[in-house]
Amino acid sequence: MGMAATESQFHVLAVDDSVIDRKLIERLLKTSACQVTTVDSGSKALEFLGLQEHDKNHTNQPRVSLDNHQEAQINLIITDYCMPGMTGYDLLKKIKESASLRNIPVVIMSSENVPSRINRCLEEGAEEFFLKPVRLSDVNKLRPHMMKTKIIVTEENQESIEIAHVVPSQPQKETDTVQQQQQKSQANTVNRIKRHRRRRFSDLDSPSTFFIEIASSFC
């Protein structure tokens with residue numbers, strides 16, 4: 001899959017061990033004019049992001065191998081929760097614990113509606129938690145998150161990483177104490193959980209047409 005993206009495209013890394021679900025999310029994201037790279041495990045996602053190499057060398061910069069001196073721009077990671085080996089929650093924790101990657105927005109998907117699992121992911125820093133099958137209306141909610149941060153890694157300078165804030169955050173007031181900053185962070189997490197609880201988990205409308213098309217291709 002080509003890695004070059006136009007300026008108008010957002011680049012999403014999709015992680016899922018199910019080939020049908022990968023095809024579905026790829027189709028939905030491309031319908032929303034996104035560039036998509038898919039991998040089938042959390043370990044391959046870390047390899048793509050360069051985090052495994054980063055951990056081995058104890059450096060502050062990730063490394064990623066690209067072909068033809070092309071540029072990779074990662075705006076968002078969307079990952080399945082239940083995967084063999086490394087779960088989506090484990091992948092989320094790895095990303096949020098990395099000084100160089102923690103600003104990448106992460107969205108979790110799952111076919112199981114488990115409130116404790118959802119809350120744990122949101123508290124760990126996930127932007128959204130989608131129930132499968134993911135629908136186009138869900139994908140449309142990703143754009144504001146993708147506009148926050150862009151990770152750029154080039155082959156010619158693999159040891160450099162730029163974090164570009166497309167939508168700058170409000171400057172922190174100098175009068176804010178550490179306790180006030182922690183309270184604001186906790187409040188943001190609580191707001192994400194409340195916002196997610198208001199979403200229609202009981203919405204049982206028929207799956208996306210894309211899902212039906214892709215599933216039929218595997219029959």
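What counts, and at which threshold
Residues numbered from 1 in each chain as written. Predicted model: local features only at pLDDT ≥ 70, side-chain atom pairs only at ≥ 80, totals over all residues. Heavy atoms only, no water. Buried < 20%, exposed > 50% of the residue type's maximum accessible area, 1.4 Å probe, protein only. Helix = DSSP H or I, 4+ residues; strand = E, 2+ residues; numbered from the N terminus. Pairing = 2+ DSSP bridges. Right-handed = clockwise from strand over helix to strand, strands pointing away.

As annotated in an unreviewed UniProt entry, the chain carries the name Response regulatory domain-containing protein and is attributed to Anisodus acutangulus.

With that settled, the discussion passes to the pairing of strand 4 (residues 76–80). Here strand 4 lies mainly inside the structure; 5 of its 5 residues are buried. Of the two faces of strand 4, the one lined by Leu-76, Ile-78 and Asp-80 and the one lined by Ile-77 and Thr-79 are each fully buried. As paired elements, strand 1 (residues 10–15) and strand 4 share 4 bridges and run parallel to each other. Looking at strand 4, one finds that Val-15 is bridged to Thr-79. Sheet analysis places strand 4 next to strand 5 (residues 106–110), joined by 4 bridges and oriented parallel. Note on strand 5: the bridge partner recorded for Thr-79 is Ile-108. Read as a crossover between parallel neighbours, the route from strand 4 over helix 4 (residues 88–97) to strand 5 is right-handed.

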